[in-house]
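A structural walkthrough
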Amino acid sequence: MLVNGAVITGKSATAKGRSAEEVEQIRAILRGRFDSLNTEYESAVAENHKLRLVEIGDAAGDDQADSGSKTAERDAATSLLRTLLDRRTQAEHAMQRLDDGTYGNCEGCSNPIPWERLEVFPSATTCVHCKSNRERRAG
């Protein structure tokens, strides 16, 4: 099976049922995802800091449109930071689950998460059914 460019073999749904080599492949995928997200997050933090410095030094004479544009930019930057931090935390949590031997099992019902779902979203912690139930309750 292909997960984010790496071949993962076997049909077992839990990390416990996988060979050490397969677990290391999964770990490498998750570590690469975490590192990539961490780099992107740090870059976004630096850009956000620059944006705030420009905002502080360049606010004199702003009209309402300028002020609104700056607010929209700040909100977009903050939203990006939150999203990146959340995705980075998900990858970190998946690596912890791999270490614990619970990776690949739903946190809601403990049933195996289908590999098709893990293939698309390696940090998934719930099966499609539990995720659907959670979204229905929240919405």
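The structure reproduced in this document is the subject of the present report. (Residues numbered from 1 in each chain as written. Predicted model: local features only at pLDDT ≥ 70, side-chain atom pairs only at ≥ 80, totals over all residues. Heavy atoms only, no water.)

**Regarding the pattern of salt bridges**
Inspection of the entire model under this criterion finds six salt bridges. The partner of Arg27 in a salt bridge is Glu24, with the nearest N and O atoms 3.2 Å apart. Of this pair, Arg27 and Glu24 are both found in helix 1 (residues 20–57), three residues apart, which corresponds to roughly one turn of the helix. What makes Arg27 partly exposed here is its relative accessible area of 22%. (Salt bridge = Lys/Arg side-chain N within 4 Å of Asp/Glu carboxyl O. Helix = DSSP H or I, 4+ residues; strand = E, 2+ residues; numbered from the N terminus. Buried < 20%, exposed > 50% of the residue type's maximum accessible area, 1.4 Å probe, protein only.)

**As for the packing of aromatic side chains**
All chains considered together, the criterion is met by zero aromatic pairs. Positioned over the ring face of Tyr41 is Arg88, at 4.7 Å from the centre of the ring. (Phe/Tyr/Trp six-rings, centres within 6.5 Å; stacked < 30°, edge-to-face > 60°. Lys NZ or Arg CZ within 6 Å of the ring centre and 35° of its normal.)

**Topic: the environment of Asp35**
Here Asp35 lies in helix 1. Residue Asp35 is classed as partly exposed on the basis of its relative accessible area, which comes to 37%. Taking the C-alpha atoms as reference points, Asp35 and Arg88, 53 residues apart in sequence, are found 8.3 Å from one another.

**Side note on unusual backbone geometry**
The phi angle at Ser110 is positive, at roughly 70 degrees, despite the residue not being glycine. The residue Ser110 is located in the loop between helix 2 (64–100) and helix 3 (115–120) in this model.

**Quick look at the nonpolar core**
Ranked by size, the top nonpolar core spans 16 residues in total, and within it Ile26, Leu30, Leu98, Tyr103, Cys106, Trp115 and Leu118 carry the most contacts. Contributions of two or more residues to this core are made by helix 1, helix 2 and helix 3. (Core = buried A, V, L, I, M, F, W, Y, C linked by side-chain atoms within 4.5 Å.)

Scope: geometric values only; no functional claims are made or implied.
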